[in-house]
Amino acid sequence: MLKTEVLVVGAGIAGLTSAAILSKLGCSVTLIESHTQSGGCAGTFKRKDYVFDVGATQVAGLEKGGIHSKIFNFLDIKIPEATILDPACIVDLKDGSNPIPIWYKKNEWIAEREVQFPGSSRFWQLCSLIHQSNWAFANNNPVLPISNFWDLSQLLRALAPSNLVTGILIKSTVFDLLCICGLSKDERLIKFLNLQLKLYSQEDVYNTAALYGSTVLQICQQPHGLWHMKKSMQSLSEALEDSLHKTGANMIFGQEVNSIIFDDQNKCWKVFAKSKKCYLEYHANNLVYTPPPQSLLKHLKYLLNKKPSYKNRLKTLPDPSGALVFYSALKTKHIKKISSNHYQFVSNELGPLFVSISKEGDGRAPKGEITLIASLFTKTKDWFNLEKRQYIDKKKEYLKKISFELESQFNIDSEHWLHKELATPLGFEKWTNRPNGIVGGLGQNPDIFGLFGLSSRTPFQGLWLCGDSIYPGEGTAGVSQSALMVSRQILASKGIDNFNL
Ligand SMILES: Cc1cc2nc3c(=O)[nH]c(=O)nc-3n(C[C@H](O)[C@H](O)[C@H](O)COP(=O)(O)OP(=O)(O)OC[C@H]3O[C@@H](n4cnc5c(N)ncnc54)[C@H](O)[C@@H]3O)c2cc1C
């Protein structure tokens with residue numbers, strides 16, 4: 001049995017970040033991870049001479065003042081090498097019109113928008129105003145959603161007068177903003193926004209909360225921007241692991257949490273985990289839980305029966321998506337000239353595909369070669385409960401269909417693939433331990449965004465949720481915000497309520 005002040009479950013970016021912050025501030029921290037490596041959905045794997053990013057391929061929040069930078073500076077660790085993506089992405093609507101490069105430089109993006117979507121400037125200006133107000137609010141580290149007086153005090157402290165104005169849009173969608181600007185019938189703009197929003201909020205124009213959508217639509221430009229990590233996405237996790245080593249936190253890999261109970265007598269959490277070789281028991285005052293909250297239905301079974309309304313909330317969370325991810329490699333000369341690391345295009349048969357291509361010399365492929373990763377959303381239930389043969393055939397069929405789409409989009413000869421493989425929700429379930437291989441967080445619609453989301457504070461004292469279903473906005477930047485928020489809440493519960501970055 002191992003005793004610790006804080007036990008963090010999961011070494012994805014959320015778990016690593018919260019463990020690193022709390023350990024840096026002097027808490028005794030143990031982190032357990034079921035996989036043999038860190039990173040979770042932002043991890044990497046190797047095949048032959050290639051390094052593939054499992055899920056996340058681009059990072060927000062590395063700029064000065066961005067969430068990753070602030071946390072890395074606080075932890076006193078080097079920010080991993082990365083380059084700004086300019087353009088962040090080239091979006092091809094496949095409607096015969098010119099593809100849309102999303103430029104990093106603000107003036108270039110404004111000029112591009114005016115050419116691509118004439119008459120839309122009022123919509124972008126409105127998004128920009130809302131975003132500025134959101135950003136000032138987010139920088140004041142509000143606690144959302146509120147579930148006690150301390151959370152409320154943090155929310156009130158973070159609010160600025162502009163938030164009271166934008167607050168009236170709390171139940172609005174991006175489509176409502178388009179209507180306000182007289183653009184509800186601009187099909188091309190709606191198609192473009194649908195592609196981008198689905199990527200960042202798991203919802204379309206009609207369902208993405210206006211307050212959230214306004215911010216994600218500005219994230220590719222100055223002063224923010226999206227970044228391409230040198231070497232691989234794993235460098236983010238490695239840097240956080242370095243901090244944990246420095247501060248003496250205990251990191252244990254290959255241990256899967258099976259069940260969690262609360263010991264009323266000793267007033268602590270008891271966590272039971274198993275590895276290939278043994279079973280282990282951990283005792284902790286605070287438990288930071290970073291797997292998807294849906295996993296609590298399995299791990300916290302007995303305690304949840306005492307809180308039926310919370311159990312019901314977890315049970316009825318909207319179904320998150322699954323992903324199909326195609327990992328491949330080719331010679332640079334065998335693909336048409338690449339002018340961006342990221343592309344998004346629509347396939348009639350498969351829907352939107354998001355493509356990430358490595359940079360020459362970035363450490364992912366040998367000289368003269370590149371890696372190409374393409375991902376698309378899928379319904380997880382379509383991949384489970386299939387006979388083995390059916391599953392294999394379905395996987396082969398999708399591998400073929402995705403290869404074909406990429407071959408025609410990037411002028412690739414089918415003979416020229418040096419490597420290709422496909423991950424389905426089953427693969428994601430195995431890699432990340434996420435039930436049914438669900439990925440990303442909860443769709444950011446007005447019913448689940450901000451005040452209406454799932455709180456990191458659970459009805460069980462000392463049990464905290466953290467990760468991509470918690471803070472508005474998934475992705476490594478969003479989960480880092482959630483890690484900061486949970487760390488502040490834990491510290492406040494210990495009487496330290498002035499911690500901020
Ligand atoms: C295909 C895809 C593309 C993406 N693209 C981007 C992108 O370009 N940019 C971006 O910012 N984000 C992207 N994301 C989202 C981003 O990767 C995630 O939101 C983020 O990494 C989630 O971090 P997390 O720590 O909350 O969860 P996870 O990464 O899922 O980490 C949770 C960890 O907990 C461990 N765990 C689970 N259950 C247990 C258990 N019972 N016991 C012990 N350990 C357990 C898991 O093994 C895992 O390591 C993408 C995601 C996917 C899937």
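Residues numbered from 1 in each chain as written. Predicted model: local features only at pLDDT ≥ 70, side-chain atom pairs only at ≥ 80, totals over all residues.

Trainee: So what exactly am I meant to see when it comes to the site of the ligand here?
Mentor: Neighbouring the ligand are 38 residues, the closest being Gly-10, Gly-12, Gly-40, Gly-55 and Gly-475. Elements with a minimum of two residues in the shell around the ligand: helix H1 (13-24), strand E2 (29-33), strand E11 (256-263), strand E14 (322-331) and helix H16 (475-493). Taken together, domain 1 (2-43 + 233-318 + 439-493) and domain 3 (322-378 + 384-423) each give at least three residues to the shell around the ligand, which thus spans both. (Near = placed C-beta within 6 Å. Helix = DSSP H or I, 4+ residues; strand = E, 2+ residues; numbered from the N terminus. Domains from an automatic or database assignment.)

Trainee: Please explain helix H14 (residues 388-410) as it appears in this structure.
Mentor: Structurally, the α-helix is built with 3.6 residues per turn, so residues lying three or four positions apart point the same way. Given a rise of 1.5 Å per residue, 23 residues ought to cover 33 Å, and the 33 Å separating the end C-alpha atoms of H14 matches this to within 8%. Regarding H14, the residues found buried are Ile-402, Glu-405 and Leu-406. Residues of H14 that are buried sit in contact with E14, strand E15 (342-347), strand E16 (351-357) and strand E17 (369-378). Backbone geometry just downstream of H14 places Asn-411 in the positive-phi region, at approximately 50°. (Expected span 1.5 Å × (residues − 1). Buried ≥ 20, exposed ≤ 12 C-beta atoms within 10 Å, placed from the backbone. Contact = placed C-beta atoms within 7 Å.)

Trainee: Before we go on, may I ask you to explain the packing of H1 against helix H10 (residues 234-246) in this structure?
Mentor: Any two packed helices are characterised by how steeply their axes cross, that is the angle between the axes, and by the distance between the axes. It is at 9 Å that the axes of H1 and H10 come closest, and there the two elements cross at 25°. The pairing of H1 with H10 is recorded here as roughly parallel in orientation. Classified by chirality, the crossing of H10 by H1 is left-handed. Of H10, the residues touching H1 (which contributes Ile-13, Leu-16, Thr-17, Ala-19, Ala-20, Ser-23 and Lys-24) are Leu-236, Ser-237, Leu-240, Glu-241, Ser-243 and Leu-244. (Axes fitted to C-alpha atoms, helices over the stretch in contact; angles between N-to-C directions. Parallel < 35°, antiparallel > 145°, perpendicular 65-115°, else oblique. Left-handed = near helix turned anticlockwise from the far one by under 90°.)

Trainee: Can you help me understand the environment of Phe-45 in this one?
Mentor: Inspection of the secondary structure assignment puts Phe-45 in strand E3 (residues 44-47). What makes Phe-45 partly exposed here is the crowd of 16 C-beta atoms within 10 Å. C-alpha of Phe-45 to C-alpha of Lys-105: the two residues are 60 residues apart in sequence and 33 Å apart in space. If sequence neighbours within four positions are ignored, Phe-45 has contacts with Phe-52 and Val-54.

Trainee: Which parts of the structure should I look at to understand the sheet that holds strand E6 (residues 82-84)?
Mentor: Within a sheet, adjacent strands bond to each other through the backbone by hydrogen bonds, running parallel or antiparallel. Pairing within the open sheet is antiparallel, and its three strands lie in the order E5-E9-E6. With partners counted over all chains shown, the strands left at the sheet margins are strand E5 (59-60) and E6, one partner each. Where E5 and strand E9 (residues 226-229) come together, two bridges link them in antiparallel fashion. If you follow Val-59 over to E9, its bridge partner there is Trp-227. (Pairing = 2+ DSSP bridges.)

Trainee: Help me understand the environment of Thr-30, please; the structure alone is not making it clear to me.
Mentor: For Thr-30, the position within the fold is in strand E2. A tally of 21 C-beta atoms within 10 Å means that Thr-30 is categorised as buried. Residues Thr-30 and Ala-11, 19 residues apart in the sequence, show an inter-C-alpha distance of 11 Å. Ignoring any residue separated from it by four or fewer positions in sequence, one finds Thr-30 in contact with Leu-2, Thr-4, Leu-7, Asn-250, Ile-252 and Tyr-282.

Trainee: It is not clear to me how unusual backbone geometry should be interpreted in this structure. Could you clarify?
Mentor: Working note: non-glycine residues mostly have negative phi, and peptide bonds are mostly trans. For the bond running from Asp-86 to Pro-87, omega is 5°, close enough to zero to count as cis. With respect to the helices and strands, Pro-87 occurs in the loop between E6 and strand E7 (89-92). Omega for the bond connecting Gln-222 with Pro-223 falls within 30 degrees of zero, at 0°, which places this linkage in the cis form. With respect to the helices and strands, Pro-223 occurs in the loop between helix H9 (210-216) and E9. The phi angle at Asn-385 is positive, at roughly 55°, despite the residue not being glycine. Looking at Asn-385, the number of C-beta atoms within 10 Å reads 8, which means it is exposed.

Such coordinate-based values are descriptive only and should not be taken to indicate function.
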